[in-house]
Amino acid sequence: MSTELEIALVLGTAFLWITVTLTILSAIDRPERKARRQERRDIRTEKRRIEYRPVAAASHPQGRNRHPRSRRLHPH
């Protein structure tokens, strides 16, 4: 065999071995990545939820400063 053919064969074999190895590792890791992604999604949806608390009866000021003018809606 010539030297160029041996080098091409070695490089081709190394490329094929790396490709197969990465494919196998990716297939093994897929369920774990899916579970982590779902967990992050659940955390984000919990942060978006707004928790409403009941307002204490005496917390609103009574009198003239509450709403001096009614709000008017302006169409865009």
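Cut-offs and rules
Residues numbered from 1 in each chain as written. Predicted model: local features only at pLDDT ≥ 70, side-chain atom pairs only at ≥ 80, totals over all residues. Heavy atoms only, no water. Salt bridge = Lys/Arg side-chain N within 4 Å of Asp/Glu carboxyl O. Helix = DSSP H or I, 4+ residues; strand = E, 2+ residues; numbered from the N terminus. Buried < 20%, exposed > 50% of the residue type's maximum accessible area, 1.4 Å probe, protein only. Expected span 1.5 Å × (residues − 1). Bend = angle between axes of the 7 residues up to and from the residue. UniProt positions renumbered as here; feature names shortened; annotations may be inferred.

Trainee: Pulling in residues and values, what's your account of the pattern of salt bridges?
Mentor: Following the criterion strictly, the structure yields one salt bridge and no others. Notably, a salt bridge pairs Glu 32 with Arg 36, separated by 3.2 Å at the nearest N-O pair. On the criterion of helical spacing, the pair formed by Glu 32 and Arg 36 is a turn pair, its members being four residues apart in helix α1 (residues 3-48). A relative accessible area of 37% places Arg 36 in the partly exposed class.

Trainee: Can you lay out α1 for me, pointing to particular residues and giving the numbers?
Mentor: Given a rise of 1.5 Å per residue, 46 residues ought to cover 68 Å, and the 64 Å separating the end C-alpha atoms of α1 matches this to within 8%. The largest bend in α1 amounts to roughly 40° and is located at Arg 30, with the proline Pro 31 lying one to four residues further along.

Trainee: Could you give me a rundown of the UniProt feature "transmembrane region" (unreviewed entry) in the protein chain, with the residues and numbers involved?
Mentor: As annotated by UniProt and renumbered to match this structure, "transmembrane region" (unreviewed entry) occupies residues 6-28. For residues 6-28, the end-to-end C-alpha separation is 33 Å, with 100% helix and 0% strand making up the annotated structure.

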